[in-house]
Amino acid sequence: GVVGHFNSGASIPASKIYSDAGIPQISPSSTNPKYTLQGFKTAFRVVAHDDQQGPTHGKYATEKLKAKTIAVIDDSTAYGQGLADAFEATVKAAGAKVVAREHTTDKDTDFKAILTRIRGRKPDLVMFGGIDPQAGPMVRQMAELGIKAKFMGGDGMQTPNFIKLAGNAAEGAMASIPGLPKEE
């Protein structure tokens, strides 16, 4: 059997290979719904998927944070885009206005062009579907550009590396986790 892979982008294509070979695969972190919806009897996940995590984010954004204008950015990966899509659908259904929908890559670290476009639209909240190597610099650059919006993202940015990369701008950033809280 295989315990892995790191994310949906790796687990989804690998799952067919393991299925064809009859090898069970248990992913501790792949949240894209497609991973288990392909129908392979050998693919299992131990965390919630993005069609659960994204709407939970969206409900929190609109109900608890009372966000009315929201910018959504994703890293164009199976994980990031899937999470952002589910979040966007939920906030729109709740009546929030998505003032920007932007895409970057999981290799970029300079987001000033995207953030400058977003700044002019004055969002209450910026939601990022992606992981810490992009989320940290993004939130730092938001602060440098004077963007006062709250920042939230998924479990992929909930790491000490995010705090290191974001510096003081990490203060107040919010991230979800598709499982039980780490303290329990």
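In short, a report on the structure. (Residues numbered from 1 in each chain as written. Predicted model: local features only at pLDDT ≥ 70, side-chain atom pairs only at ≥ 80, totals over all residues. Heavy atoms only, no water.)

## Remarks on the overall build of the chain
Moving on, step 1. For the chain, the helix and strand inventory stands at 7 helices and 8 strands.
Moving on, step 2. Computed over the C-alpha atoms, the radius of gyration of the chain is 17 Å, within 12% of the 16 Å expected from 2.2 N^0.38 for a compact globule of 184 residues.
Moving on, step 3. Projected onto its principal axes, the C-alpha positions of the chain cover 55 × 35 × 35 Å.
Moving on, step 4. Of all 184 residues assigned to the chain, the portion counted as buried reaches 48%.
Moving on, step 5. When contacts within the chain are restricted to residue pairs at least 6 apart in sequence, long-range pairs at least 24 apart make up 59% of them.
Moving on, step 6. When the accessible surface of the chain is totalled, it reaches about 9,100 Å², and 56% of it is carbon and sulfur.
Moving on, step 7. If the 22 positive side-chain charges of the chain are averaged to one point and the 19 negative ones to another, these points end up 5 Å apart. (Helix = DSSP H or I, 4+ residues; strand = E, 2+ residues; numbered from the N terminus. Rg over C-alpha atoms; globule rule 2.2 N^0.38 Å. Buried < 20%, exposed > 50% of the residue type's maximum accessible area, 1.4 Å probe, protein only. Contact = heavy atoms within 4.5 Å. Areas by Shrake-Rupley, 256 points an atom, 1.4 Å probe, with all protein chains shown as cover. Lys, Arg positive; Asp, Glu negative; His and termini not counted. Charge placed at Lys NZ, Arg CZ, Asp CG, Glu CD.)

## What to know about the nonpolar core
Moving on, step 1. Counting 21 residues, the largest nonpolar core has I73, L115, V126, F151 and F162 as its most contacted members.
Moving on, step 2. Mapped by element, the contributors of at least two residues to this core are β4 (69-74), α5 (112-119), β6 (125-129), α6 (132-144) and α7 (160-166).
Moving on, step 3. Ranked by residues supplied to this core, first place goes to α6 with 4 residues.
Moving on, step 4. Leaving out residues up to four positions away in the same chain, F162 has contacts with D132, A135, G136, V139, F151, M157, A170 and A173.
Moving on, step 5. Within the second largest apolar cluster, 17 residues are counted, among which are L65, V72, Y79 and M127. (Core = buried A, V, L, I, M, F, W, Y, C linked by side-chain atoms within 4.5 Å.)

## Some details on the packing of helix α3 (residues 50-64) against helix α4 (residues 78-93)
Moving on, step 1. Running from amino to carboxyl end, α3 crosses α4 at an angle of 45 degrees, the nearest separation of the two axes being 7 Å. On the basis of their axis angle, the class for α3 and α4 is oblique. The way α3 lies across α4 gives a crossing that is right-handed. In contact with D50, D51, Q53, G54, P55, H57, G58, K59, A61 and T62 of α3, α4 contributes Y79, G82, L83, A86, F87, T90 and V91. (Axes fitted to C-alpha atoms, helices over the stretch in contact; angles between N-to-C directions. Parallel < 35°, antiparallel > 145°, perpendicular 65-115°, else oblique. Left-handed = near helix turned anticlockwise from the far one by under 90°.)

## Let's talk about unusual backbone geometry
Moving on, step 1. Along the chain, G4 connects to H5 via a cis peptide bond; the corresponding omega equals 20 degrees.
Moving on, step 2. Relative to the helices and strands, H5 is located in the loop between β1 (2-3) and α1 (8-21).
Moving on, step 3. Located in the positive-phi region is K66, a residue other than glycine, with phi close to 60 degrees.
Moving on, step 4. Relative to the helices and strands, K66 is located in the loop between α3 and β4.
Moving on, step 5. Residue K66 is classed as exposed on the basis of its relative accessible area of 53%.
Moving on, step 6. Phi is positive for K122, close to 50 degrees, though the residue is something other than glycine.
Moving on, step 7. Mapping K122 onto the fold places it in the loop between α5 and β6.
Moving on, step 8. Looking at K122, the relative accessible area reads 63%, which means it is exposed.

## Some remarks on the pairing of strand β7 (residues 150-153)
Moving on, step 1. One ladder, built from 4 bridges, connects β6 with β7; its direction is parallel. Residue pairing in the sheet places M127 in a bridge with M152 of β7.
Moving on, step 2. In this fold, the crossover linking β6 to β7 by way of α6 has right-handed handedness.
Moving on, step 3. Pairing between β7 and strand β8 (residues 174-175): 2 bridges, direction parallel. Its bridge partner lying in β8, G153 is registered against A175.
Moving on, step 4. At this point the chain moves from β7, through α7, to the parallel β8, and the crossover so formed is right-handed. (Pairing = 2+ DSSP bridges. Right-handed = clockwise from strand over helix to strand, strands pointing away.)

## Some details on the sheet that holds β4
Moving on, step 1. With parallel pairing, the 5 strands of this open sheet are ordered in space as β5-β4-β6-β7-β8. This sheet does not close on itself; its edge strands, each paired only once, are β5 (97-103) and β8.
Moving on, step 2. Here α3 sits on the sheet and contacts β6, β7 and β8; the angle it forms with β7, its principal contact strand, is near 165 degrees.

Any functional reading would require information that these geometric values do not contain.
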